[in-house]
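Observations on chain architecture
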Amino acid sequence: PRAAWLDQCSSWKAAHPFAYTPAPGGVLKTQQVIERMYQVTKGPMQDKLVVSTGVGNHQMMAAQFYRWSQPRSIVTSGSLGTMGFGLPAAIGAQFSRPDSTVVLIDGDSSFNMTLNDLGTVAEHKLPIKMFILNDGRQQMVHVWQKLFFDGRLVATDN
């Protein structure tokens, strides 16, 4: 039964791949950054790579545009809304897998909640790679306020 399910999923993926429209004027989109990160890290490097995400739009894009191939290679809060989760999770991953490359994908708002954790990174000289995607707002909250609160925007710009 599992093989049939995996075949069905592969069929759906081929018929309905994730896609996005590139921004005009060479402006980068979150999807492009994550897709490029995947292109650079796929292959042998992926065997020793752990990716952690904060919470927000970047988390959803990482789940969609990074092609995971190894078990236990992504650490994310799974839509629990715990902004600031990414860096502490990356710290834990680096301590538990010191020979692996640990990468944090975070948004500017989520990352803003991790100042004390940067002290831990510095104190222990942890080689965590950090990709901070700065769009100047709490993008996911902004979108939800537009969709579910009649466009009443409150405190979503950084």
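Relevant structure appears above.
In this report, the structure presented in the accompanying data block is examined. (Residues numbered from 1 in each chain as written. Predicted model: local features only at pLDDT ≥ 70, side-chain atom pairs only at ≥ 80, totals over all residues. Heavy atoms only, no water.)

**Some remarks on the pairing of strand 3 (residues 101-107)**
The buried fraction of strand 3 is high, at six of seven residues. As judged from the five bridges shared by strand 1 (residues 49-53) and strand 3, these two strands associate in the parallel manner. Note on strand 3: the bridge partner recorded for valine 51 is valine 103. Both strand 3 and strand 4 (residues 129-133) contribute to a ladder of five bridges, which runs parallel. Within strand 4, the residue paired with aspartate 106 across the bridge is isoleucine 132. (Buried < 20%, exposed > 50% of the residue type's maximum accessible area, 1.4 Å probe, protein only. Helix = DSSP H or I, 4+ residues; strand = E, 2+ residues; numbered from the N terminus. Pairing = 2+ DSSP bridges.)

**Considering a nonpolar patch on the surface**
The grouping of Val143, Trp144, Leu147, Phe148 and Phe149 at the surface amounts to a nonpolar patch, some 550 Å² of accessible area in total. Mapped onto the elements of the fold, valine 143 is located in helix 7 (residues 139-148). Overall, valine 143 belongs to the partly exposed group, its relative accessible area being 33%. (Patch = residues over 30% accessible without salt bridge, like charges linked within 9 Å, V, L, I, M, F, W, Y side chains within 5 Å. Areas by Shrake-Rupley, 256 points an atom, 1.4 Å probe, with all protein chains shown as cover. Salt bridge = Lys/Arg side-chain N within 4 Å of Asp/Glu carboxyl O.)

**Quick notes on the packing of helix 2 (residues 30-41) against helix 3 (residues 57-65)**
Look at helix 2 against helix 3: their axes get within 9 Å of each other, and the N-to-C directions meet at 45 degrees. Here helix 3 runs oblique to helix 2, going by the angle between their axes. For the pair helix 2 and helix 3, the crossing hand works out as right-handed. Contacts between helix 2 and helix 3 involve Thr30, Gln31, Ile34, Glu35 and Tyr38 from the former and Asn57, His58, Met61, Ala62 and Phe65 from the latter. Across the contact of helix 2 with helix 3, the residue classes tally to five nonpolar, four polar and one charged. (Axes fitted to C-alpha atoms, helices over the stretch in contact; angles between N-to-C directions. Parallel < 35°, antiparallel > 145°, perpendicular 65-115°, else oblique. Left-handed = near helix turned anticlockwise from the far one by under 90°. Contact = heavy atoms within 4.5 Å. Nonpolar A, V, L, I, M, F, W, Y, C, P; charged D, E, K, R; others polar.)

**Some thoughts on the nonpolar core**
Generally speaking, a soluble globular protein has its nonpolar side chains buried in company with each other. With 13 residues, the main nonpolar core has Ile34, Met37, Val51, Tyr66 and Ile105 as its most contacted residues. The contacts of valine 51, once residues within four sequence positions are left out, are Met37, Trp68, Ser73, Ile74, Val75, Val103 and Ile105. Of all hydrophobic cores here, the second largest spans eleven residues; its members include Val50, Ile91, Ala93 and Leu104. (Core = buried A, V, L, I, M, F, W, Y, C linked by side-chain atoms within 4.5 Å.)

**Brief notes about the layout of surface pockets**
By volume, the largest pocket is sized at about 570 Å³. What lines the largest pocket is a set of 29 residues, among which Gly56, Asn57, His58, Gln139 and Met140 lie closest to the centre. Listing elements by their share of the lining of the largest pocket, those giving two or more residues are helix 2, helix 3, helix 5 (108-111) and helix 7. When its residues are assigned to classes, the lining of the largest pocket shows eleven nonpolar, 14 polar and four charged. Taken as a whole, the second largest pocket encloses approximately 200 Å³ of empty space. Taken together, Lys13, His16, Pro17, Phe18, Glu35, Tyr38, Gln39, Phe65 and Arg67 form the lining of the second largest pocket. When residues in the lining of the second largest pocket are grouped by element, the largest group, three residues, is from helix 2. The residue makeup of the lining of the second largest pocket, split by class, is four nonpolar, two polar and three charged. (1 Å grid on protein atoms, 1.4 Å probe; cavity = no way out; pocket = protein on both sides within 12 Å on 5 of 7 lines; lining within 4 Å. Points joined across faces, edges and corners; volume = space filled by probe spheres on them.)

Honestly, it's all geometry; don't read function into it.
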